[in-house]
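Notes for the structure review
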Amino acid sequence: MKHIYLLIVTFVLLFGNGCKKSDKGQFTLLEKDATGLDFRNMLKEDENFNIFKYQYYYNGGGIAIADFDNDGLQDVFFTGNMVKNRLFRNKGNLKFDDVTEKSGVAKAEGWCTGANAIDINNDGWMDLYICRAGYPFPKLRKNLLYINNKNLTFTEQAAEYGLDDDSYSTHAAFFDYDKDGDLDMFLLNHSAPEYSKGSLEIVTLKTKENRSLRVNYLEMTMGNM
């Protein structure tokens, strides 16, 4: 009986220690000064461009992580809405260099949203596809495809690949839909501005009356009297 009691006590102690939460969290926050990853998607509202003018104002940008220079380390790419896109090269040990200017990924302006890292031409080097939305000008909404030049620079060729869509794109997904060995694309767009009005205009819409339906209803009612 004594041995059974000791086994029970031992089991309880081991189980309790196993369930005890660690003082350390699951993740460790690393500051930008330690990593070199310094990016903020800053938004500045004014009377001409704000959430009432553009309902998707706070949808945010995108991120793509891939080995763009084929050195075995994962690099980081950010898209910005009102700020430039940024590319950071991984030097190892969670240290990064900002190579945006050299890479050319920030030359085109526009309200950039989702980002995809894909090898669109099957050459073994990761390319970048960037969705754009926001602005009323179709030229600034055309999506971007940056082809990897294999030296940490990129050339924009969305039109050449037929991927310069000027819808209000939120994100894209690439996969081999027809199993022919090439990447196909599914593009996700949000509503055009005229179909996604802000909350101030929703109040006005609620007070609108479909007069033709009301007239028909009155005619039917009077006819039955």
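As a starting point, this report considers the structure included with it. Source: prediction; values computed, not measured. Within each chain, residues carry numbers counting from 1 in the order of the written sequence. This being a predicted model, a pLDDT of at least 70 is required before a residue's local features are given, and a value of 80 or more before pairs of side-chain atoms are given or counted; all residues contribute to the totals for chains, interfaces and linings. Just so you know, side-chain values use all the structure's heavy atoms and leave hydrogens and water out.

**A closer look at the packing of aromatic side chains**
Put simply, two rings from Phe, Tyr or Trp (the six-membered ring, in Trp's case) pair if the centres are within 6.5 Å, and we call them stacked under 30 degrees between planes, edge-to-face over 60, tilted for the rest. Inspection of the entire model under this criterion finds 12 aromatic pairs. Judged by centre distance (5.9 Å) and plane angle (90°), the ring pair of Tyr54 and Trp111 falls under edge-to-face. Of the two residues, Tyr54 is situated in the loop between helix H2 (32-35) and strand E1 (63-66) and Trp111 in strand E5 (residues 111-118); the sequence distance between them amounts to 57 residues. Considered together, Tyr54 and Trp111 belong to a single accessibility category, that of buried residues. Aromatic pair Phe78 and Phe88: ring centres 5.9 Å apart, planes at 80°, arrangement edge-to-face. Within this pair, whereas Phe78 is found in strand E2 (residues 75-78), its partner Phe88 is found in strand E3 (residues 86-92), the two being separated by 10 residues in sequence. Through pairs of rings, three or more aromatic residues link up here, namely Phe49, Tyr54, Tyr56, Tyr57, Tyr58 and Trp111. Helix and strand assignments follow DSSP, with helices taken as H or I runs no shorter than four residues and strands as E runs no shorter than two, numbered in order from the N terminus. Remark: exposure states derive from per-residue accessible area (1.4 Å probe, protein chains only) relative to the maximum for the residue type, with buried under 20%, exposed over 50%, and partly exposed in between.

**Things to note about the sheet that holds strand E7 (residues 144-148)**
Strand order in this open sheet of 4 strands is E5-E6-E7-E8, and the pairing throughout is antiparallel. Strands at the two margins of the open sheet, each flanked by one partner only, are E5 and strand E8 (154-156). Here the strands of the sheet are splayed against their neighbours by 25° on average, with no regard to which way each runs. When DSSP finds two or more bridges between two strands, those strands count as paired. For helices, the fitted axis covers only the stretch in contact; all axes are lines through C-alpha atoms, and the angles between them, taken along N-to-C directions, range from 0 to 180 degrees.

**Regarding the pattern of salt bridges**
Throughout this description, the term salt bridge denotes a Lys or Arg side-chain nitrogen within 4 Å of a carboxyl oxygen of Asp or Glu. One pass over the structure, following the stated rule, counts 5 salt bridges. The salt bridge partner of Asp69 is Arg89, with a shortest N-O separation of 2.9 Å. With Asp69 in the loop between E1 and E2 and Arg89 in strand E3, the pair connects residues that are 20 residues apart, well separated along the chain. With relative accessibility at 15%, the residue Asp69 sits in the buried group. Two residues, Asp98 and Arg86, come together in a salt bridge whose shortest N-O distance is 2.6 Å. Here Asp98, found in strand E4 (residues 95-98), pairs with Arg86, found in strand E3; they are 12 residues apart in sequence, far enough to count as distant. On the accessibility criterion, Asp98 (38% relative accessible area) is partly exposed. Arg86 sits in the partly exposed class, given a relative accessible area of 24%.

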